[in-house]
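Structural overview for review
What follows is the residue order along each chain.
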Amino acid sequence: MINDATTIFKRPESLSETVTHYCPGCTHGIIHRMVAESLDELNLRERAVGVAPVGCSVFIYNYFNCDFMEAPHGRAPALATGFKRTRPDMICFTYQGDGDLASIGMGEIVHAANRGEKITVIFVNNAIYGMTGGQMAPTTMPGQKTTTSPFGRDTNLAGYPIRMAELLATLRTPSFIARCSTQTPMHIVAAKKIIKKAFRLQKEEKCFSLVEVLSTCPTNWGITPCDATQWIIDNMEPYYKLGVLKDPEKGEG
Amino acid sequence: MAKKLMKGNEAIGEAAVCAGALNYFAYPITPQSEVAEYLCWRLPEVGGAFVQAESEVAVGNMLFGAACSGKRVFTTSSSPGISLMQEAISYMAGAHLPVVLINIMRGGPGLGGILPAQSDYFQATKGGGHGDYRTLVLAPASVQEAVDLTILAFDLADKYRNPVMIIGDAMIGQMMESVEFPEKYREQNDPAESDWALNGAKGRESRILKSLYLDPEKLDENSFMLANKYDMMKKDEIRYELYNISEKNRLLVVSYGTMSRVIQTAIDEIGEEEGISVGLMRPITLYPFPGQQLYDEAVKPNIEKVLSIEMSVGQMVEDVERFVRGKKPVEFSGRTGGIVPTPDDVKGYIRKSLGIEK
Ligand SMILES: Cc1ncc(C[n+]2csc(CCOP(=O)(O)OP(=O)(O)O)c2C)c(N)n1
Ligand code: SF4
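Residues numbered from 1 in each chain as written. Chains lettered and ligands numbered in written order. Predicted model: local features only at pLDDT ≥ 70, side-chain atom pairs only at ≥ 80, totals over all residues. Heavy atoms only, no water.

1. Here we look at the overall build of chain B
The number of helices and strands found in chain B is 13 helices and 15 strands. The C-alpha extent of chain B, read off along each of the three principal axes, is 75 × 50 × 40 Å. Expressed as a percentage of its 358 residues, the buried residues of chain B come to 59%. The contacts of chain B with a sequence gap of at least 6 include a subset with a gap of at least 24, amounting to 81%. Accessible surface, chain B: about 13900 Å² in total, of which carbon and sulfur atoms supply 51%. (Helix = DSSP H or I, 4+ residues; strand = E, 2+ residues; numbered from the N terminus. Buried < 20%, exposed > 50% of the residue type's maximum accessible area, 1.4 Å probe, protein only. Contact = heavy atoms within 4.5 Å. Areas by Shrake-Rupley, 256 points an atom, 1.4 Å probe, with all protein chains shown as cover.)

2. A few points about the interface of chain A and chain B
Taken together, the contacts link 33 residues of chain A with 36 residues of chain B. When the two sides are added together, the surface that chain A and chain B hide from each other amounts to roughly 2600 Å², 61% of it contributed by carbon and sulfur. Interface area lost by chain A to chain B is led by Asp 67, Glu 70 and Thr 86 of chain A, which between them contribute 23%. The interface formed by chain A and chain B holds three salt bridges in total. Linking chain A to chain B there are 12 residue pairs in polar contact (both at pLDDT 80 or more). Of all elements in the fold, only helix H2 (60-63), strand E2 (67-70), helix H3 (76-86) and helix H5 (106-115) of chain A reach the threshold of two or more residues within the side of chain A that touches chain B. Considering each element in turn, the side of chain A that touches chain B owes the most residues, seven residues, to H3 of chain A. A class-by-class count of the residues in the side of chain A that touches chain B yields 15 nonpolar, eight polar and 10 charged. (Buried area = accessible area lost by both parts, 1.4 Å probe. Salt bridge = Lys/Arg side-chain N within 4 Å of Asp/Glu carboxyl O. Polar contact = N/O pair within 3.5 Å; in protein donor to acceptor, adjacent residues only side chain to side chain. Nonpolar A, V, L, I, M, F, W, Y, C, P; charged D, E, K, R; others polar.)

3. What to know about helix H8 (residues 185-203) of chain A
Taking 1.5 Å of rise per residue, the 19 residues of H8 of chain A would be expected to cover 27 Å, and the 27 Å separating its terminal C-alpha atoms lies within 8% of that figure. Those residues of H8 of chain A that sit buried are His 187, Ala 191, Lys 192, Ile 194, Ile 195, Lys 197, Ala 198, Phe 199, Leu 201 and Gln 202 of chain A. (Expected span 1.5 Å × (residues − 1).)

4. Focus on the pairing of strand E5 (residues 99-105) of chain B
Residues and elements named next belong to chain B. Counting buried positions over the seven residues of E5 gives seven, a clear majority of the element. Every second residue of E5 is oriented toward a common face, with Val 99, Leu 101, Asn 103 and Met 105 on one face and Val 100, Ile 102 and Ile 104 on the other, all of them buried. Two elements, strand E4 (residues 73-77) and E5, share four bridges in a ladder whose sense is parallel. Bridged to Thr 75 within E5 is Leu 101. (Pairing = 2+ DSSP bridges.)

5. Here we look at the side chain of Gln 144 of chain A
Residues and elements named next belong to chain A. Along the chain, the position of Gln 144 falls in the loop between strand E4 (120-125) and helix H6 (155-158). Within the structure, the side chain of Gln 144 is placed 3.3 Å from the backbone oxygen of Ala 127, a separation counted as a polar contact. Aside from chain neighbours lying at most four places away, what touches Gln 144 is Ala 127, Ile 128, Ser 149, Gly 152, Arg 153, Trp 221 and Trp 231.

6. Points about the domain arrangement of chain B
Residues and elements named next belong to chain B. Under the domain assignment, chain B is made up of domain 1 (4-194 + 210-236) and domain 2 (240-354). On a C-alpha basis, the centroid separation for the pair domain 1 and domain 2 is 27 Å. Taken residue by residue, the interface counts 31 residues in domain 1 and 27 residues in domain 2. Taken over both partners, the interface formed by domain 1 and domain 2 buries close to 2400 Å², and the fraction arising from carbon and sulfur atoms is 56%. On the domain 1 side of the contact with domain 2, Gln 118, Tyr 121 and Phe 122 bury the most area, a combined 30% of that side's loss. For the pair domain 1 and domain 2, the interface holds three salt bridges. (Domains from an automatic or database assignment.)

7. A closer look at the site of ligand 1
Lining the immediate surroundings of ligand 1 are 17 residues, of which Cys 56, Asp 98, Gly 99, Asp 100 and Gly 130 of chain A lie closest. Residues within reach of ligand 1 are spread across chains A and B. Between ligand 1 and the protein, one listed contact pairs an oxygen atom with a backbone N or O atom of Asp 100 of chain A at 2.8 Å. One nitrogen or oxygen atom from the main chain of Gly 130 of chain A is found 2.8 Å from an oxygen atom belonging to ligand 1. (Near = heavy atom within 4 Å.)

8. Description of the site of ligand 2
All names here are of chain A. Around ligand 2 lies a shell formed by Tyr 22, Cys 23, Cys 26, His 28, Cys 56, Asn 126, Cys 217, Pro 218, Thr 219 and Asn 220. Tallying contributions element by element places helix H9 (residues 218-221) first for the shell around ligand 2, with three residues. Per-class residue counts for the shell around ligand 2 are six nonpolar, four polar and no charged.

9. Some remarks on the pattern of salt bridges
As enumerated under the stated definition, the model contains 43 salt bridges over all chains in all. Ionic pairing is found between Lys 347 of chain B and Glu 269 of chain B, a salt bridge with its closest N-O pair at 2.7 Å. Of this pair, Lys 347 of chain B sits in helix H13 (residues 343-354) while Glu 269 of chain B sits in helix H10 (residues 259-274); the two residues are 78 residues apart in sequence, bridging distant segments of the chain. The exposure class assigned to Lys 347 of chain B is buried, which follows from its relative accessible area of 5%. Between Arg 322 of chain B and Asp 319 of chain B there is a salt bridge, with its nearest N and O atoms 3.0 Å apart. Pair noted here: Arg 322 of chain B and Asp 319 of chain B are both in helix H12 (residues 316-324), with a separation of three residues, about one helical turn. Look at Asp 319 of chain B and you get buried, because its relative accessible area is 3%. Among the charged side chains, a salt-bridge network with shared partners connects Lys 197, Arg 200, Glu 204, Lys 206, Asp 247, Glu 249 and Lys 250 of chain A.

10. Focus on the environment of Ser 90 of chain B
Residue and element names in this part refer to chain B. Along the chain, Ser 90 falls in helix H5 (residues 86-94). Given the relative accessible area of 9%, Ser 90 is considered buried. Placed 37 residues apart in sequence, Ser 90 and Gly 127 show a C-alpha to C-alpha distance of 8.0 Å. Excluding residues that lie within four positions of it along the chain, Ser 90 makes contacts with Gly 129, His 130 and Tyr 133.

11. Side note on unusual backbone geometry
All names here are of chain B. That bond from Gly 108 to Pro 109 is cis: its omega, 5°, falls within 30 degrees of zero. Here the residue pair Tyr 287 and Pro 288 is connected by a cis peptide bond, since its omega of -5° sits within 30 degrees of zero. Tracing the backbone shows Pro 288 in the loop between strand E13 (285-287) and helix H11 (291-298). Phi is positive for Arg 161, which is not a glycine, with a value near 45°. Within the secondary structure, Arg 161 is located in the loop between helix H7 (143-160) and strand E7 (163-169). With a relative accessible area of 24%, Arg 161 lands in the partly exposed category. Within the chain, Asn 244 stands out as a residue other than glycine whose phi angle is a positive 60°.

And the structure:
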């Protein structure tokens with residue numbers, strides 16, 4: 001009955017066949033796939049331009065079948081601004097880690113959101129600097145041990161983790177801001193819907209959109225992949241609440 | 001086209017429009033904020049884009065993103081602002097992107113002052129940011145030349161896919177002079193025609209504009225690809241002007257930008273009044289520097305010394321020394337901090353250099 005077989009699951013066209021360099025249990029790969037599926041489903045691949053960050057996902061352009069530029073650390077929203085203003089007919093997205101977006105790139109993301117740039121930002125929050133070997137990030141949890149906070153993040157010295165989605169949702173300019181997660185298939189299904197909506201809003205030339213995705217870094221958290229998903233549930237999710245924080249389609253823009 | 005009386009900063013803005021460069025990103029800083037004040041209404045008239053960025057760090061990176069489109073993009077700023085763009089300039093050079101940066105220099109270091117200076121010669125010609133790269137650097141001496149070189153800068157940026165910088169001092173920006181623009185305004189580059197720009201992976205492989213090469217062989221290759229471009233520039237793009245060169249010259253002065261105009265006056269006066277003959281070489285491209293041409297002038301038997309006169313504490317003089325290769329004594333004179341030496345000051349420098357008492 002092989003002739004009647006129908007494909008119900010395949011690699012999105014927007015993803016290339018290159019094997020990723022991500023560690024076992026890292027959810028960067030899942031997030032890549034959700035972005036790629038969204039581009040495919042909205043028929044955007046051929047006019048999409050991605051902006052790669054500096055961080056573990058710097059090689060994202062090797063895994064996608066669309067055009068890419070590679071930003072200096074933290075500056076992706078400024079590159080996306082420049083590109084999108086010059087080519088408003090194209091689709092432009094950034095993909096950034098938490099060190100990239102919430103630390104060195106804080107200025108660029110706040111102002112791009114505030115200007116209402118019609119770009120989409122995928123913000124991967126894994127509460128640590130992955131690429132450089134596990135240093136403390138602005139999103140590192142209180143008490144969390146990293147290579148630069150070996151006794152745990154001391155909130156007296158380092159303050160509390162920055163909730164980027166909430167911070168950006170305070171801006172008056174209309175935008176779509178949401179937080180989702182990757183720890184269970186159910187979360188992934190929900191996250192995919194949100195990411196797709198973020199791209200749809202750009203396609204419809206509506207507004208700035210940012211999706212914060214809670215992500216694992218078993219390597220630098222020093223735990224197994226399974227424990228890492230549980231660690232998100234136990235430690236990150238209570239602090240980084242999931243949901244849509246701002247939605248122009250619900251009058252919350 | 002009829003001549004117009006225009007302030008340098010506004011003329012530079014119009015020159016960019018004339019060159020089909022309609023994508024402009026900037027952050028206010030004296031003494032060049034008039035460029036943004038002009039282009040913020042002029043660009044929308046011609047379908048261009050202007051973003052007042054949150055910082056010069058952002059400006060540099062907006063240029064980077066915009067340059068990836070294949071359209072012509074540029075900024076104007078002044079010394080401290082240009083410092084903040086250096087990371088992005090390095091990345092753009094590494095990724096082979098055309099971009100034009102115009103630095104209307106003020107005195108430094110630090111916050112410095114807001115008056116004319118030429119303190120950014122090193123920064124402009126020796127790299128500025130990190131890594132093995134160069135920017136092509138042009139130095140206008142009048143408002144008309146600022147217009148002409150702005151138009152040329154975009155052609156050179158596209159030709160070499162490399163950052164091109166114009167350095168002018170505050171006088172170039174603030175002075176009003178009569179200028180003429182070409183009759184014909186250029187259309188914007190069509191991104192669809194580009195064989196390198198990010199215009200959508202439709203019916204072709206995806207394109208990546210990047211500067212990261214973890215494989216040392218590849219990084220070495222990219223760096224020497226850049227070096228080859230600089231060699232081509234050295235062969236084809238050197239520009240300079242000579243003034244009052246004759247066998248009677250005792251001294252060869254080297255000077256660029258508006259400083260060279262003061263020197264022309266001083267050369268005329270000291271020749272007429274005191275019978276001292278001085279020649280001037282004015283580099284128009286500061287990188288690539290007209291080094292061989294300077295050498296050829298300097299070694300002429302009548303030349304006793306070479307004198308670099310700058311509005312700095314002495315920066316270009318190091319290149320002058322390098323290219324004169326010890327064949328003649330090289331000296332420096334100048335002021336900085338916003339002080340523009342007068343023709344009388346320059347005559348004093350000339351006499352001092354030649355050991356003439358007055
Ligand atoms: C200007 C600059 N400073 C520092 C670095 C070093 N650096 C590279 S990646 C990185 C942090 C990446 O962490 P994050 O953004 O959280 O991404 P992840 O690797 O966790 O995905 C740092 C500090 C750099 N490349 N450039
Ligand atoms: S270091 Fe962390 S973020 Fe980077 S690939 Fe490994 S698990 Fe993922």
